[in-house]
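Inside the fold
So you can see what is in the structure, the chains are spelled out below.
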Amino acid sequence: MAGPVAEGKPQQYSESDPDKKPSVGPGSLTASETADLETNTVNEKSLLRKLDIRLLPAVGILYLLSFLDRSNVGNARIEGLADDLGMTGNQYLTGLTLYFIGYVIFEIPCNIVLKRTTPRFWLPTLTILWGIVATLMGIVQNLTGFFIARFFLGVTESGLFPGVVYYFSMWYKRRERQFRISLFFGAAALAGSFGGILAYGIGFMRGTVWEHGWRWIFILEGIATVVVTVAAYWFIYNYPDTAEFLTDKERKFIHTRLASDSDATHDERFTWANVLRALKDPKCWLYGLSFHTMSLPLYTFSLFLPSIINALGYRAAIAQLLTIPPYAFAFLTTLGVATISERLHQRAIFIIGSAVFAIIGYIMLLSNKDPIARPGLSYAGTFFAAGGIYPATALALSWPAINVSGQTKRAVANAMQISIGNLGAVLGTQLYRSGDGPRYIVGHSFALGYLAGNVIVSSLLYFILSRENKRRDGIAPEVQEVGTLEDWDGDEDNRWRFQY
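Residues numbered from 1 in each chain as written. Predicted model: local features only at pLDDT ≥ 70, side-chain atom pairs only at ≥ 80, totals over all residues. Heavy atoms only, no water.

1. Observations concerning helix 16 (residues 375–396)
With 22 residues, helix 16 should reach 32 Å at 1.5 Å per residue; the first-to-last C-alpha distance of 32 Å fits that figure. The element helix 16 is largely enclosed, with a buried count of 17 among its 22 residues. (Helix = DSSP H or I, 4+ residues; strand = E, 2+ residues; numbered from the N terminus. Expected span 1.5 Å × (residues − 1). Buried < 20%, exposed > 50% of the residue type's maximum accessible area, 1.4 Å probe, protein only.)

Right, here's the structure in full:
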């Protein structure tokens, strides 16, 4: 496992001595030139804070809106959605499934488009498109309209998360990405809290134009997405070479620090051969399986939590409010686990620990034989479930970002992970059937089983990656200055070491 690297010390060089200035062209840096650059006047710690302030809030807001617009259907359900559209049996679940089918199909194509365009164009465009679809979902008049809207919501949202994970890899060093991905994913937990607050408030609009308030949930939250995202064309930046908020000296420094441990500085052209590299790599499939085993509990929790709490005997408005604390707890555990994981440079063990924490929650939910008489036990179980699911998912989603080298391969691997992962969500949407409450034995049992599966997959990845690192240790020494190598062959190069 790659060891920690010192961070945050001010770097200085003499501007009066041009011979001391580094060359920053790809492949042009020698070890001495790199050392000279690291004596630059750029303060690395301050620069990282500057990048975080400029990049993380922008994409975090987009993901918060994304998760809000995909999961607010759970809030809408208990505000009269099913009754108004005449849903019977498990037709509501079919609508949830169609979202993920669209999501899975368009995941990889969207990341290929990102690679061939720019983040400033592609990410806000996707967001505006799904904001329009989310708004239109509030005026559907029948079941067919609901199904079509859910499918296209999945299509338009499919490119954001894998796109942002790839985007981070072009700004941050390997050891810095996992923490940023966790912060970014923390917006999903915040979306759950905001969703509960908004649904509670919007619920009071029932009787305004329409009898029930569910339409206003979609319309107002969808319009908010469109309005906020128009500004994203200005506050989303492309890559360090063109970002307006950086000085030339900072660009050179970023170029060199990225070259020290990743391929982000390579001028890699898109080729289908590099796409196939990802598809042929078993580790990329395992990264996908790691998220697959988390996506079912993640999405069943976020989509059905209002229904689960409502089935405990609480009326709709109170159930909306009671969804807020578990999500707030999940946000705190996500940040806490990510921070400790980053400091200790450990990934797999914290994924496993978080999954076990969530398993405890589902054991509490399943063991409560009379949830209506004892709602406190089941409600406490939702805290354990949320507090484990979200940090485990955040860490699992960082596998490709920190371990796949080769820009196109990494972009495809990120998309593969989300596509494979969301197949678990497709199954999950069919598990919490209308007649299964309040215990929801089938749904909770599947979630528990999938979490146990994640423990197995994460343990397997730990074993495979550590064994591969040991094998490579006997062949060639590790080289971290990947960006300076002209003969670099991606993570298949024996000089590359995996992080686990």
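2. Brief notes about unusual backbone geometry
The omega torsion across glycine 437 and proline 438 is 5°, close enough to zero to call that bond cis. Along the chain, proline 438 turns up in the loop between helix 18 (407–428) and helix 19 (441–473). One non-glycine residue, tyrosine 440, lies in the positive phi region at around 50°. With respect to the helices, strands and loops of the structure, tyrosine 440 is situated in the loop between helix 18 and helix 19.

3. Regarding empty space enclosed by the protein
Taken as a whole and judged by the stated rule, the model has four cavities of 30 Å³ or more. Of the pockets and cavities examined, the second largest cavity occupies roughly 70 Å³. What lines the second largest cavity is simply Leu68, Ser71, Asn72, Asn75, Ala191, Gly192, Gly195, Gly196, Ser302, Pro306, Thr323 and Tyr327. Within the residue set of the lining of the second largest cavity, elements represented by two or more residues are helix 2 (44–84), helix 7 (174–202) and helix 12 (282–310). (1 Å grid on protein atoms, 1.4 Å probe; cavity = no way out; pocket = protein on both sides within 12 Å on 5 of 7 lines; lining within 4 Å. Points joined across faces, edges and corners; volume = space filled by probe spheres on them.)

4. Concerning the packing of aromatic side chains
In the structure shown here, the tally under the stated rule is 33 aromatic pairs. Judged by centre distance (6.2 Å) and plane angle (35°), the ring pair of tyrosine 63 and phenylalanine 185 falls under tilted. Taken as a pair, tyrosine 63 in helix 2 and phenylalanine 185 in helix 7 lie far apart in primary sequence, 122 residues in all. Measuring from ring centre to ring centre gives 6.4 Å for tyrosine 167 and tryptophan 171, while their planes differ by 65°; the resulting arrangement is edge-to-face. We classify tyrosine 167 as buried; its relative accessible area is 1%. (Phe/Tyr/Trp six-rings, centres within 6.5 Å; stacked < 30°, edge-to-face > 60°.)

5. Thoughts on the pattern of salt bridges
Two side chains bearing opposite charge may form a pair once their charged atoms approach each other closely. Evaluated as defined, the whole model comprises 18 salt bridges. One salt bridge connects glutamate 244 with arginine 120, and the closest N-O pair in it is separated by 3.1 Å. With glutamate 244 in the loop between helix 9 (232–235) and helix 10 (248–259) and arginine 120 in helix 4 (residues 119–136), this pair connects stretches of sequence that are 124 residues apart. What emerges from the salt-bridge pattern is a single network uniting Asp281, Lys283, Lys409, Asp491 and Glu492. (Salt bridge = Lys/Arg side-chain N within 4 Å of Asp/Glu carboxyl O.)

6. As for a nonpolar patch on the surface
A contiguous nonpolar patch, built from Ile101, Ile105 and Phe106 and spanning about 240 Å² of accessible area, is present on the exposed surface. Turning to its location among the elements, phenylalanine 106 is positioned in helix 3 (residues 91–116). (Patch = residues over 30% accessible without salt bridge, like charges linked within 9 Å, V, L, I, M, F, W, Y side chains within 5 Å. Areas by Shrake-Rupley, 256 points an atom, 1.4 Å probe, with all protein chains shown as cover.)

7. With respect to the environment of asparagine 403
Within the secondary structure, asparagine 403 sits in helix 17 (residues 399–403). Once you skip the residues sitting within four places of it in the chain, asparagine 403 turns out to touch Arg174, Tyr287, Leu465, Asp491, Trp496, Phe498 and Gln499. At a separation of 2.7 Å, a polar atom in the side chain of asparagine 403 contacts the main-chain amide nitrogen of glutamine 499. (Contact = heavy atoms within 4.5 Å. Polar contact = N/O pair within 3.5 Å; in protein donor to acceptor, adjacent residues only side chain to side chain.)

8. Focus: the packing of helix 15 (residues 348–367) against helix 16
One can describe the packing of helix 15 onto helix 16 by two numbers: an axis separation of 7 Å at closest approach and a directional angle of 155°. Put simply, helix 15 runs roughly antiparallel to helix 16. When you trace helix 15 past helix 16, the crossing you get is left-handed. Each residue belonging to the contact of helix 15 with helix 16 can be placed in one class, and the counts come to 19 nonpolar, eight polar and no charged. (Axes fitted to C-alpha atoms, helices over the stretch in contact; angles between N-to-C directions. Parallel < 35°, antiparallel > 145°, perpendicular 65-115°, else oblique. Left-handed = near helix turned anticlockwise from the far one by under 90°. Nonpolar A, V, L, I, M, F, W, Y, C, P; charged D, E, K, R; others polar.)

9. Some words on the nonpolar core
Within the largest apolar cluster, 131 residues are counted, with the highest numbers of intra-cluster contacts made by Leu81, Phe161, Trp171, Ile389 and Tyr390. The element contributing the most residues to this core is helix 2, with 18 residues. Residue contacts for leucine 81: discarding those within four places in its chain leaves Val73, Ala76, Met87, Tyr92, Phe146, Trp214 and Phe218. Counting residues in each nonpolar core, the second largest holds seven residues, with Leu114, Trp122, Tyr166 and Ala411 among its members. (Core = buried A, V, L, I, M, F, W, Y, C linked by side-chain atoms within 4.5 Å.)

Read these as layout, nothing more, since geometry by itself doesn't imply function.
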